[in-house]
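Survey of secondary and tertiary structure
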Amino acid sequence: MSAALALGPVYKSWDRFHAATHVEHIATVDQYNAMTQLADALVDDGAMDQAHARHSLFMLVSDLIHAYDQRHYPTSQVTGAALVRFLMDQHQLRQADLPEVGPQSVVSEILSGRRELTLTHIRALAKRFNLNPAAFL
């Protein structure tokens, strides 16, 4: 049996599936909007739960949305120092207000890029600001 004949049932199933869901590679904003609507409907149906019968479909649609987002809205990597600077601004803190990091001189060196955040700094800052420590990496 040739590969083309073996794919016949797959193609038929795909055509029916595609007609019902419009799940496909997302290339346009309209396709993106359709996929986010489908993802929302799946969330409303409980498909985020790994035990849900359609969890795999939810994950597939989410992966397609994520891939589109990565292509069209790439995010720049935020440094730990930039995050500390942002948190200081948001909470109206001075360098001396971060005892978790150390004295003002250490905070200054970190913010200027002359020194890296240590694991101890990251753990303490993550706890203080209720963030995942990975945000600082």
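Counting starts from 1 at the beginning of each chain's written sequence and moves along it residue by residue. Local features in this predicted model are restricted to residues whose pLDDT is 70 or higher, and side-chain atom pairs enter the listing and the counts only when it is 80 or higher, whereas totals over whole chains, interfaces and linings include all residues. Side-chain measures were taken over the full set of non-hydrogen atoms in the model, leaving aside hydrogen atoms and water.

On to the side chain of His121. Going along the chain from the N terminus, every DSSP run of H or I of four or more residues is numbered as a helix, and every run of E of two or more is numbered as a strand. Relative to the helices and strands, His121 is located in helix α7 (residues 119–129). For the exposure calls, accessible area comes from a 1.4 Å probe over protein chains only, and a residue counts as buried if that area is under 20% of its type's maximum, exposed if over 50%, partly exposed in between. Overall, His121 belongs to the buried group, its relative accessible area being 8%. Polar contacts here mean pairs of N or O atoms no more than 3.5 Å apart (in protein, one a potential hydrogen donor and the other a potential acceptor; neighbouring residues in sequence count only if both atoms are side-chain atoms). A distance of 3.0 Å separates a polar side-chain atom of His121 from the backbone nitrogen of Thr118. The contact rule is simple, with two residues in contact once any of their heavy atoms fall within 4.5 Å. Discounting chain neighbours no more than four positions away, the residues touching His121 are Glu100, Val101, Val106, Ile110 and Glu116.

All right, on to the packing of helix α5 (residues 80–90) against helix α6 (residues 104–112) then. Geometry is summarised by axes, namely lines fitted to C-alpha atoms with helices restricted to the contacting stretch, and by angles between N-to-C directions that run from 0 to 180 degrees. Running from amino to carboxyl end, α5 crosses α6 at an angle of 120 degrees, the nearest separation of the two axes being 8 Å. As summarised for this structure, α5 and α6 are arranged oblique, according to the angle between their axes. Read as a crossing pair, α5 and α6 show a hand that is left-handed. Residues Ala81, Val84, Arg85 and Met88 of α5 pack against Val107, Ile110, Leu111 and Ser112 of α6. When its residues are assigned to classes, the contact of α5 with α6 shows six nonpolar, one polar and one charged. Comment on the angle field: the value is read as roughly parallel under 35 degrees, roughly antiparallel over 145, roughly perpendicular from 65 to 115, and oblique elsewhere. By the definition used in this description, the sense in which the near helix is turned from the far one sets the handedness, with an anticlockwise turn below a right angle giving left-handed and a clockwise turn giving right-handed. Polar here means any residue outside two lists: the nonpolar Ala, Val, Leu, Ile, Met, Phe, Trp, Tyr, Cys and Pro, and the charged Asp, Glu, Lys and Arg; Gly therefore counts as polar.

To define a nonpolar core, start from buried Ala, Val, Leu, Ile, Met, Phe, Trp, Tyr and Cys residues and group those joined through side-chain atoms within 4.5 Å. Val84, Met88, Leu98, Val101, Leu117, Leu125 and Phe136 are the most contacted members of the largest nonpolar core, which has 18 residues in total. Those elements giving two or more residues to this core turn out to be α5, α6 and α7. No other element matches α5, which puts five residues into this core. Listed in part, the 13 residues of the second largest apolar core include Phe58, Val61, Leu64 and Tyr68.

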